[in-house]
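# Descriptive structure summary
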Amino acid sequence: AADGSAAIRPEPAATLTGHRRAVWTAAFAPLDRVAASGSADMLVKVWSMADWACLRTFEGHVSSVLKVRFLRGGALLASSGSDGLVKVWSIKGQECVATLDAHEDKVWAIDAYEPPSRGATGG
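Residues numbered from 1 in each chain as written. Predicted model: local features only at pLDDT ≥ 70, side-chain atom pairs only at ≥ 80, totals over all residues. Heavy atoms only, no water.

### Some details on the sheet that holds strand β8 (residues 95-100)
Applied cut-off: Whether two strands pair depends on DSSP finding at least two bridges between them. Helical segments are the DSSP runs of H or I of at least four residues, strand segments are the runs of E of at least two, and each set is numbered from the N terminus. To define axes, lines are fitted to C-alpha atoms, for helices over the stretch in contact only, and angles between the resulting N-to-C directions are given on a 0 to 180 degree scale.
The strand order across the open sheet formed by four strands is β5-β6-β7-β8, and the pairing between neighbours is antiparallel. The two strands at the open ends of the sheet, each matched to only one other strand, are β5 (65-71) and β8. On average, adjacent strands in this sheet sit at an angle of 20 degrees to one another, irrespective of strand direction. In this structure, strand β7 (residues 86-90) lies alongside β8, joined through five bridges in antiparallel fashion. When the sheet's bridge partners are listed, Val-86 is paired in β8 with Leu-100.

Okay, here's the thing in structure tokens:
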């Protein structure tokens with residue numbers, strides 16, 4: 001480090017492999033030991049933090065996934081992309097439960113206030 005102290009370089013616990021293109025976003029679930037990632041390969045993946053395995057792969061975006069965010073304590077996962085869509089996925093049901101098509105361009109941001117279930121997106 002510039003101040004003369006030793007630089008800390010932690011070793012990664014694991015490398016999650018499975019996306020075919022660059023990963024643009026990742027998020028940890030608030031309760032379960034899982035994480036999600038979104039990629040330029042148009043996929044959203046859910047990963048186990050216990051054994052680093054891919055638990056789910058969600059397909060539905062037609063362009064890069066730019067942001068993921070867990071909702072309702074981790075029961076749902078929202079994703080947004082370069083296609084202008086916001087999709088809401090059921091983790092246990094393994095399906096898209098809603099598609100929001102209100103943007104004319106890329107959706108770079110997702111956030112939510114719970115409860116009540118209110119959300120905001122930004123392009």
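### A short note on the pattern of salt bridges
Applicable threshold: Salt-bridge detection follows one rule: a side-chain nitrogen of Lys or Arg within 4 Å of a carboxyl oxygen of Asp or Glu. Each residue's exposure class comes from its accessible area (1.4 Å probe, protein chains only) as a fraction of the maximum for that residue type: buried when under 20%, exposed when over 50%, partly exposed otherwise.
Enumeration over the complete set of coordinates arrives at one salt bridge. Residues Asp-111 and Arg-69 are paired through a salt bridge, measuring 2.9 Å at the closest nitrogen-oxygen approach. Of this pair, Asp-111 sits in strand β9 (residues 109-113) while Arg-69 sits in strand β5, and the two are 42 residues apart along the sequence. Judged by relative accessible area, Asp-111 falls into the partly exposed class, the value being 45%. The exposure class of Arg-69 is partly exposed, given its relative accessible area of 22%.

### Side note on the side chain of Ser-48
Let me state the cut-off plainly: Whenever two N or O atoms come within 3.5 Å, that pair is a polar contact, provided that in protein one can donate a hydrogen and the other can accept it, and provided that, for residues adjacent in sequence, both atoms are side-chain atoms. Between two residues, a contact is recorded if the distance between any of their heavy atoms is within 4.5 Å.
Positionally, Ser-48 belongs in strand β3 (residues 43-48). Polar side-chain contacts of Ser-48 include one of 3.0 Å to the side chain of Asp-51. Sequence-distant contacts of Ser-48, defined by excluding residues within four places in its chain, comprise Arg-33, Val-34, Ala-53 and Leu-55.

### Some details on the sheet that holds strand β4 (residues 54-59)
Strand order in the open sheet formed by four strands is β1-β2-β3-β4, and the pairing between neighbours is antiparallel. Edge positions in the open sheet fall to β1 (23-28) and β4, since each of these has one partner strand only. Put simply, the sheet's adjacent strands are angled 20 degrees from each other on average, direction ignored. Bridge count for strand β2 (residues 34-39) against β3 is five bridges, and the pairing is antiparallel. Paired with Ser-37 across the bridge in β3 is Lys-45.

### Some words on the side chain of His-61
Relative to the elements of secondary structure, His-61 occurs in the loop between β4 and β5. Residue classification places His-61 among the buried positions, given a relative accessible area of 5%. Of note is the side chain of His-61, whose polar atom sits 2.7 Å from the side chain of Ser-79. Looking at His-61, its side chain comes within polar contact range of the side chain of Asp-83, at 3.0 Å. If near-sequence neighbours (up to four positions away) are discounted, His-61 is found in contact with Met-42, Ser-79, Ser-80, Gly-81, Asp-83, Leu-85, Lys-87 and Trp-89.

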